[in-house]
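# Survey of secondary and tertiary structure
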Amino acid sequence: MQLIDTHVHLNFSTFHSDLDQVAQEWRDAGVVRLVHSCVEPSEFDSIRAIANQYPELSFAVGLHPLDVDAQWTPDAEQRICKLAQSDPRVVAIGETGLDFFKAENHQEQFDAFSAQLRVARSLNLPVIVHCRDAASQAIELLNQFWQSHGSVQGVMHCWSGTPEETQRFLDLGFYISFSGIVTFKNAQQVHESAQLVPDERLLIETDCPFLAPVPHRGKGRNQPSYVRHVAERLAELRNTSVDAIASITCSNACRLFKLDLELVSNEF
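All values derive from a computational prediction rather than experimental measurement.

## Re the packing of helix α8 (residues 188–196) against helix α9 (residues 227–237)
Relative orientation of the contacting elements α8 and α9 amounts to 75°, with a least axis distance of 9 Å. Taken together, the axes of α8 and α9 are roughly perpendicular relative to one another. Contacts between α8 and α9 involve His-191, Ala-194 and Gln-195 from the former and Arg-233, Leu-234 and Leu-237 from the latter. Along the lines of polarity and charge, the residues of the contact of α8 with α9 split into three nonpolar, two polar and one charged.

Now the structure itself:
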């Protein structure tokens, strides 16, 4: 069984001391590809260095909405665009999006999100979208962007929205990625959304080191090998097998991010 973790943050300090062991554990668990997200462009060199160590790693470049106040500058759009073109392992722009749970700088987040959508469209790359307490505003912005610039492919990462919100993002052509939250007992609306998403739009992730899934919840950091628990819970919710979820989500990840499984599997 092969698995793809479509959202990791391995450059965080919690992985500095034992990343080789963590890599061995994800390989033992059947994780054959990973997509490393980017919180701010200044991380690019550290993320690229990790990809140099582990050939199964592809990565993104972008600016997280909670870092917009400190990091968004007049040249940020151009910088993200240049970085995205500087390495063929860049497979997405992000993570970008809107977060109104922890911040109220709505216009600044709108501007940064729109700019990164422009970069993604110009480079024909998907976007990795963070959206918290801002689904209606994100949908409105995306609809306006679609009308004025054309559509962009992408994924709603670590999704925890309602089934109604899920359907609206599906209508915009987005993939939906579920994290360890789907394993939480009381995450009822996430469970309902997980049953709603069609096979061809389903993805899985850890968002490590955050949100460790059951049975590791509350016991320390999350890591890529735990993505299997997400697949197992999705299999239960969707009344299918873990093998089926693995096959579906691998195929979808390869299609969205243009990943090549064979190229990597021969290198480790």
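Once the structure has been displayed, the description carries forward.
## So, the layout of surface pockets
Taken as a whole, the largest pocket spans an internal volume of roughly 530 Å³. As for the largest pocket, its lining consists of 20 residues, of which His-130, Arg-132, Cys-158, Asp-207 and Leu-211 are closest to the centre. When residues of the lining of the largest pocket are assigned to their parent elements, the largest contribution, three residues, is made by strand β5 (residues 127–132). Along the lines of polarity and charge, the residues of the lining of the largest pocket split into nine nonpolar, six polar and five charged.

## Let's talk about the pattern of salt bridges
Here the structure, examined in full by the defined rule, presents eight salt bridges. Of the charged contacts, one joins Asp-45 and Arg-48 as a salt bridge, the two residues approaching to 3.0 Å between their closest N and O atoms. One end of the pair, Asp-45, and the other, Arg-48, are both in helix α2 (residues 44–53), three residues apart, so they sit about a helical turn from each other. The residue Glu-236 makes a salt bridge to Arg-233 at a minimum N-O spacing of 2.9 Å. Remark: Arg-233 and Glu-236 occur in helix α9; sequence separation between them is three residues, near one turn of the helix.

## Some thoughts on unusual backbone geometry
Residue Glu-95 is bonded to the preceding Gly-94 through a cis peptide linkage, with omega at 20°. Structurally, the position occupied by Glu-95 is in strand β4 (residues 90–99). Going from Cys-208 to Pro-209, the amide bond is cis rather than trans, its omega being 15°. Summarising the element assignment, Pro-209 is placed in the loop between β8 (202–204) and α9.

## A short note on the sheet that holds β4
Hydrogen bonds along the backbone pair up the strands of a sheet, which may run parallel or antiparallel. Strand order in this open sheet of eight strands is β1-β2-β3-β4-β5-β6-β7-β8, and the pairing throughout is parallel. The two strands at the open ends of the sheet, each matched to only one other strand, are β1 (3–8) and β8. Each neighbouring strand pair of the sheet contributes to a mean axis angle of 30°, computed without reference to strand direction. Inspection of the sheet shows β1 paired to strand β2 (residues 31–36) by four bridges, in the parallel sense. Bridging across to β2, Leu-3 finds its partner in Val-31.

## Observations concerning helix α7 (residues 163–171)
Among the residues of α7, Pro-163, Thr-166, Phe-169 and Leu-170 are the ones counted as buried. What you see down the axis of α7 is that its buried residues fit within an arc of 120°, all on one side. In this structure, α7 carries Glu-164 and Asp-171 as exposed residues pointing more than 90 degrees from its buried face. Immediately downstream of α7, the backbone of Gly-173 shows phi near 95°, a positive value.

## Thoughts on the nonpolar core
As a rule of thumb, soluble globular proteins bury nonpolar side chains together. One finds Phe-169 and Phe-178 to be the most contacted residues of the largest nonpolar core, which totals 75 residues. Every residue in contact with Phe-178, bar those within four places of it in the chain, is listed here: Trp-159, Val-190, Ser-193, Ala-194, Val-197, Leu-202, Leu-203, Ile-204, Glu-205, Val-230 and Leu-234. Counting residues in each nonpolar core, the second largest holds 16 residues, with Val-32, Val-91, Tyr-175 and Cys-250 among its members.

## Notes on α2
Looking only at α2, the buried set comprises Phe-44, Ile-47, Ile-50 and Ala-51. Down the axis of α2, the buried set is contained in an arc of 125°. They therefore lie on one face. Set apart from the buried face of α2 by more than 90 degrees, the exposed residues are Asp-45 and Asn-52. Lining the buried residues of α2 we find α1 (19–28), β2, β3 (57–61), α4 (76–85) and β4.

## A short note on the environment of Asn-239
Looking at the secondary structure, you find Asn-239 in the loop between α9 and α10 (242–257). Assessed through its relative accessible area of 74%, Asn-239 is described here as exposed. Sequence-wise, Asn-239 and Ile-181 are 58 residues apart; in three dimensions their C-alpha atoms are separated by 18 Å.

## Structural notes on the side chain of Gln-223
Along the chain, Gln-223 falls in the loop between β8 and α9. There is a polar contact of 2.4 Å between the side chain of Gln-223 and the side chain of Glu-25. Here Gln-223 is in contact with Phe-15, Val-22, Glu-25, Thr-206 and Cys-208, once residues within four sequence places are set aside.

Analysis parameters
- Residues numbered from 1 in each chain as written.
- Predicted model: local features only at pLDDT ≥ 70, side-chain atom pairs only at ≥ 80, totals over all residues.
- Heavy atoms only, no water.
- Axes fitted to C-alpha atoms, helices over the stretch in contact; angles between N-to-C directions.
- Helix = DSSP H or I, 4+ residues; strand = E, 2+ residues; numbered from the N terminus.
- Parallel < 35°, antiparallel > 145°, perpendicular 65-115°, else oblique.
- Contact = heavy atoms within 4.5 Å.
- Nonpolar A, V, L, I, M, F, W, Y, C, P; charged D, E, K, R; others polar.
- 1 Å grid on protein atoms, 1.4 Å probe; cavity = no way out; pocket = protein on both sides within 12 Å on 5 of 7 lines; lining within 4 Å.
- Points joined across faces, edges and corners; volume = space filled by probe spheres on them.
- Salt bridge = Lys/Arg side-chain N within 4 Å of Asp/Glu carboxyl O.
- Pairing = 2+ DSSP bridges.
- Buried < 20%, exposed > 50% of the residue type's maximum accessible area, 1.4 Å probe, protein only.
- Arc of directions from axis to C-beta.
- Core = buried A, V, L, I, M, F, W, Y, C linked by side-chain atoms within 4.5 Å.
- Polar contact = N/O pair within 3.5 Å; in protein donor to acceptor, adjacent residues only side chain to side chain.

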